[in-house]
Amino acid sequence: AKKELSEHFKTYKDVWVFIEMERGKVHTVSWELLGEGRKLADKLGVQLAAVILGPPGNDLKQAISDAWSYGADLAYVVSEPLLKDYRNEPYSKALTDLVNTHKPEILLLGASTLGRDLAGSVATTLKTGLTADCTELAIDDDRCLAATRPTFGGTLLCTIFTLNFRPQMATIRPRVMAMPERRDAKPGRVIEFKLSMVEDDIVTKILDFVPDTSTEEAHLAYADIVVAGGLGMGNPGNFRLITDLAAVLGAEYGGSRPTIQKGWISADRQIGQTGKTIRPKLYIAAGISGAIQHRVGVEGADMILAINTDANAPIFEFAHYGLVGDATRILPALTKAFEARLAVRRMAS
Amino acid sequence: MHIVVCIKQVPDSAQIRVHPVTNTIMRQGVPTIINPYDLFALEEALRLRDKMGGKVTVLTMGPPMADESLRKALGLGADAAVLLTDRFFAGSDTLATSYALAAGIRKIGEEEPVDIVFTGKQTIDGDTAQVGPGIAKRLGLNQLTYVAAIRSLDLENRSIVVERRAEGGVQVLSTGLPCLITMLEGTNTLRRGAMDDMFRASRATIATWSAQQAGVDDIALCGLRGSPTVVKKVFAPQPRKEKAKMVETAGKSDAEIAQATLDTLFSANPKLETDLRKLAAAS
Ligand SMILES: Cc1cc2nc3c(=O)[nH]c(=O)nc-3n(C[C@H](O)[C@H](O)[C@H](O)COP(=O)(O)OP(=O)(O)OC[C@H]3O[C@@H](n4cnc5c(N)ncnc54)[C@H](O)[C@@H]3O)c2cc1C
Ligand SMILES: Cc1cc2nc3c(=O)[nH]c(=O)nc-3n(C[C@H](O)[C@H](O)[C@H](O)COP(=O)(O)OP(=O)(O)OC[C@H]3O[C@@H](n4cnc5c(N)ncnc54)[C@H](O)[C@@H]3O)c2cc1C
């Protein structure tokens with residue numbers, strides 16, 4: 001299926017990362033992607049650009065300066081009041097026009113609700129390929145982007161190319177790529193770009209924004225320690241044992257999909273393929289069998305401890321440490337042991 | 001009011017297996033279902049129709065046997081069904097899929113203009129969530145993704161207000177018709193089909209359109225040829241080489257097991273203890 005890239009597309013150069021900013025804050029996935037984009041740009045010997053869209057002000061300035069710290073060489077900036085809150089029309093217009101004017105060969109976006117909404121529109125207008133939810137990116141011998149992603153709920157992986165069109169677009173889920181180290185960097189070049197749209201052109205209006213009430217909600221993906229329970233916890237009351245341990249560890253808690261479906265815990269706490277990807281230093285999974293759809297969301301953890309009554313549970317195939325036993329008895333014992341140990345050390349230190 | 005709901009027939013992914021030698025997907029004998037996420041879209045459409053009158057047309061692109069899913073949707077109460085099926089559609093990626101579906105929707109709209117197009121949030125096989133935005137862009141529909149609730153629909157003024165799940169909260173958006181909505185899961189409860197709908201469905205004729213009949217203007221934009229993405233390799237995830245190290249539990253009390261677990265974790269990774277202490281102190 002390989003054809004020669006047309007002369008027109010040969011002029012497309014550089015790796016771009018879309019920097020996702022909502023209500024003044026950059027989504028961490030954008031920095032993770034700059035880290036990954038840096039590797040791709042170095043391999044190709046091209047520049048890495050941050051694409052930053054938002055209303056003028058300090059938040060925008062901060063985002064630009066952070067982009068240098070996370071490895072960008074240059075930044076395309078659309079500073080425009082009507083980009084204050086995300087709406088598809090002005091954002092897809094700005095990003096599409098930027099691509100058509102400055103021609104990147106690779107364009108990466110976070111697979112967040114914003115990123116997926118935007119990427120699908122932009123790729124369709126540009127008539128180029130878009131690979132969704134990638135877990136691995138590489139450059140092949142022909143300088144093409146090899147984007148690997150799980151499908152069929154994680155049972156399969158596939159590697160996808162966009163051979164004959166540019167840019168090669170991909171979305172990547174939060175927490176799949178490691179956060180890059182901040183470095184001292186001198187500012188790069190800023191290329192300002194004007195949005196050719198005014199408020200009257202935009203049909204969609206934002207009437208209200210209702211922030212999530214459970215403030216701890218979104219932190220699961222970025223938690224250092226996560227304790228989760230599965231159907232093996234037996235009943236919603238037993239979930240208390242999970243949250244007790246989480247509290248002692250300063251951890252976030254979550255669950256497998258059935259625990260959400262049964263209403264034991266809220267939907268934003270689902271871990272796995274159709275929930276959150278986590279990357280903690282320690283993941284404790286109690287009463288979770290370790291189905292592939294769960295596994296793909298937790299494999300980035302540095303250390304996994306699984307507690308299960310069944311010595312043959314699949315979770316023991318990818319956990320680092322295992323404990324065969326009844327979670328409803330082991331968890332309270334663990335909570336006590338951690339509490340004692342951490343408290344003693346705290347006093348001693 | 002005319003609503004089109006896009007539904008995809010997918011393999012029941014819980015039962016998908018990979019051939020151990022060839023690493024290809026073994027679809028044989030795997031039952032197919034309506035993509036579960038699409039049922040929330042269908043239910044929402046049916047509720048709007050029940051409340052405001054009008055018609056719901058279900059649309060799918062797929063092999064001839066995909067008419068099974070359409071028939072199920074009719075049994076749940078949809079009014080009409082269209083199947084796009086053609087060998088030219090085979091191998092479509094999301095760009096080619098949205099092209100074909102957009103053509104189908106345009107054609108459906110010739111008979112009766114379409115006010116709202118619904119899709120699911122994503123599928124459980126391809127799982128990209130890209131087809132909805134693709135259709136919206138191609139047809140110039142106002143795009144509303146991750147919709148959790150429809151607050152109001154005003155057919156007279158051709159406007160709609162929805163709640164959209166965004167990062168960190170819910171956006172309340174108003175936009176004009178026609179629009180495309182990708183419906184979030186868990187937002188409603190699917191009805192059971194009524195007896196007369198099921199009876200009607202079993203005997204309904206399903207409009208079956210080839211690419212040409214759907215009014216596709218450039219066959220080169222369909223299927224494999226019209227797909228910029230190329231799947232080069234499909235493979236099963238590599239199993240981890242080592243299995244979990246098991247904490248010895250035989251003959252120990254729960255407290256002793258817990259102690260042994262801590263010792264194991266912390267001796268394997270002393271830094272973890274420092275990190276934990278910091279976290280516990282902070283919380
Ligand atoms: C398209 C699709 C997407 C999916 N996405 C996700 C996803 O994002 N996340 C997800 O988690 N799942 C997902 N699933 C579901 C997944 O396939 C599994 O069904 C699910 O992960 C199983 O949850 P579980 O381990 O809690 O339950 P089970 O598989 O029922 O396992 C319960 C475990 O608890 C053990 N147990 C029982 N009693 C005790 C006890 N007292 N103490 C200790 N252990 C005990 C049992 O031995 C068993 O291993 C998805 C499925 C599909 C088809
Ligand atoms: C292993 C594998 C990986 C793939 N990866 C990619 C990729 O990264 N990028 C890419 O462009 N393509 C990819 N594809 C192709 C993609 O799955 C197909 O284009 C598919 O036809 C639609 O995409 P989806 O299943 O992701 O749908 P989604 O975009 O997730 O579907 C959203 C909604 O659109 C509607 N819809 C989708 N398909 C149809 C249909 N055929 N008929 C009616 N309604 C429909 C449904 O309402 C659905 O809920 C992949 C395919 C496979 C087998």
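About the thresholds
Along every chain, residues carry numbers that run from 1 in the direction the sequence is written. Labels are handed out in written order, letters beginning with A for the chains and numbers beginning with 1 for the ligands. At least 70 in pLDDT is required for a residue's local features to be given in this predicted model, at least 80 for side-chain atom pairs to be given and counted, and no such filter applies to totals for whole chains, interfaces and linings, which use all residues. The basis for every side-chain value is the complete set of heavy atoms in the structure, and neither hydrogens nor water enter the calculation. Here a strand pair is declared whenever DSSP counts at least two bridges between the two strands. Per the convention used, a helix needs a DSSP run of H or I reaching at least four residues, while a strand needs a run of E reaching at least two, with both numbered from the N terminus. To get an axis, a line is fitted to the C-alpha atoms, and for a helix only the part in contact is used. The angle between two axes follows their N-to-C directions and goes from 0 to 180 degrees. Note on contacts: a residue pair qualifies if any of its non-hydrogen atoms lie within 4.5 Å across the two residues. Side-chain atoms within 4.5 Å are what join buried Ala, Val, Leu, Ile, Met, Phe, Trp, Tyr and Cys residues into a set we call a nonpolar core. Exposure is judged per residue with a 1.4 Å probe applied to protein chains only, and the accessible area is read against the type maximum: over 50% gives exposed, under 20% gives buried, and values in between give partly exposed. Space inside and on the surface of the protein is sampled on a 1 Å grid over the protein atoms alone, with a cavity defined as a set of points where a 1.4 Å probe fits but cannot get out and a pocket as an open set with protein on both sides within 12 Å along at least 5 of 7 lines; lining residues have an atom within 4 Å of a point. Grid points are joined across faces, edges and corners, and a volume is the space filled by probe spheres set on the points. Being near a molecule or strand, for a residue, means having at least one of its heavy atoms within 4 Å of it. Two N or O atoms form a polar contact when they lie within 3.5 Å of each other; inside protein one atom must be a possible hydrogen donor and the other a possible acceptor, and for residues adjacent in sequence the pair counts only when both atoms belong to side chains. To be clear on the numbers: accessible area is Shrake-Rupley with a 1.4 Å probe, and residue cover counts the displayed protein chains and nothing else. Residue classes follow a fixed rule: Ala, Val, Leu, Ile, Met, Phe, Trp, Tyr, Cys and Pro count as nonpolar, while Asp, Glu, Lys and Arg count as charged, and any other residue, Gly among them, counts as polar.

**As for the sheet that holds strand 6 (residues 106-110) of chain A**
All names here are of chain A.
And step 1. Here seven strands make up an open sheet; going across it, the order is 7-11-6-1-4-5-12 and the pairing parallel. Each edge of the open sheet is held by one strand with a lone partner, namely strand 7 (130-134) and strand 12 (189-192). Going across the sheet, the axis of each strand differs from the next one's by a mean of 25°, ignoring polarity.
And step 2. With five bridges joining them, strand 1 (residues 15-19) and strand 4 (residues 48-54) adopt parallel strand pairing.

**Quick word on the environment of Leu141(B)**
All names here are of chain B.
And step 1. The topology assignment puts Leu 141 in the loop between helix 4 (131-139) and strand 9 (142-154).
And step 2. Placed 36 residues apart in sequence, Leu 141 and Leu 177 show a C-alpha to C-alpha distance of 7.6 Å.
And step 3. The residues touching Leu 141, leaving out its near neighbours within four places in the chain, are Val 117, Ala 136, Pro 178, Cys 179 and Leu 180.

**Some details on the nonpolar core**
And step 1. Judged by nonpolar contacts, the single largest core of 40 residues is most densely connected at Met233(A), Leu249(A), Ile284(A), Ile307(A), Leu331(A), Phe338(A) and Leu265(B).
And step 2. Where this core is concerned, the elements lending two or more residues are strand 14 (225-229), helix 6 (239-249), strand 16 (282-286), strand 17 (303-308), strand 18 (321-324) and helix 10 (327-348) of chain A together with helix 6 (254-268) and helix 7 (270-282) of chain B.
And step 3. Tallying contributions element by element places helix 10 of chain A first for this core, with eight residues.

**Focus: empty space enclosed by the protein**
And step 1. Using the criterion set out here, one finds three cavities of 30 Å³ or more in the structure.
And step 2. The space that makes up the largest cavity amounts to roughly 70 Å³.
And step 3. Together, Gly120(A), Ala123(A), Thr124(A), Thr128(A), Gly129(A), Leu130(A), Asp93(B), Thr94(B), Leu95(B), Ser98(B), Gln130(B) and Gly134(B) line the largest cavity.
And step 4. When residues of the lining of the largest cavity are traced back to their parent elements, those giving at least two are helix 5 (113-126) of chain A together with helix 3 (94-111) of chain B.

**A few points about the site of ligand 2**
And step 1. Cys6(B), Lys8(B), Asp38(B), Thr94(B) and Thr128(B) are the nearest of the 31 residues found near ligand 2.
And step 2. Two or more chains meet at ligand 2, and those chains are chains A and B.
And step 3. A distance of 2.6 Å separates an oxygen atom of ligand 2 from a polar atom in the side chain of Lys8(B).
And step 4. For ligand 2, the accessible surface in isolation is 930 Å², of which the surrounding protein chains cover 93%.
And step 5. At the level of secondary structure, the elements contributing two or more residues to the shell around ligand 2 comprise strand 7, strand 9 (145-151) and strand 10 (156-162) of chain A together with strand 6 (55-61), helix 3 and strand 8 (116-120) of chain B.
And step 6. For the shell around ligand 2, the per-class residue count stands at eleven nonpolar, 14 polar and six charged.

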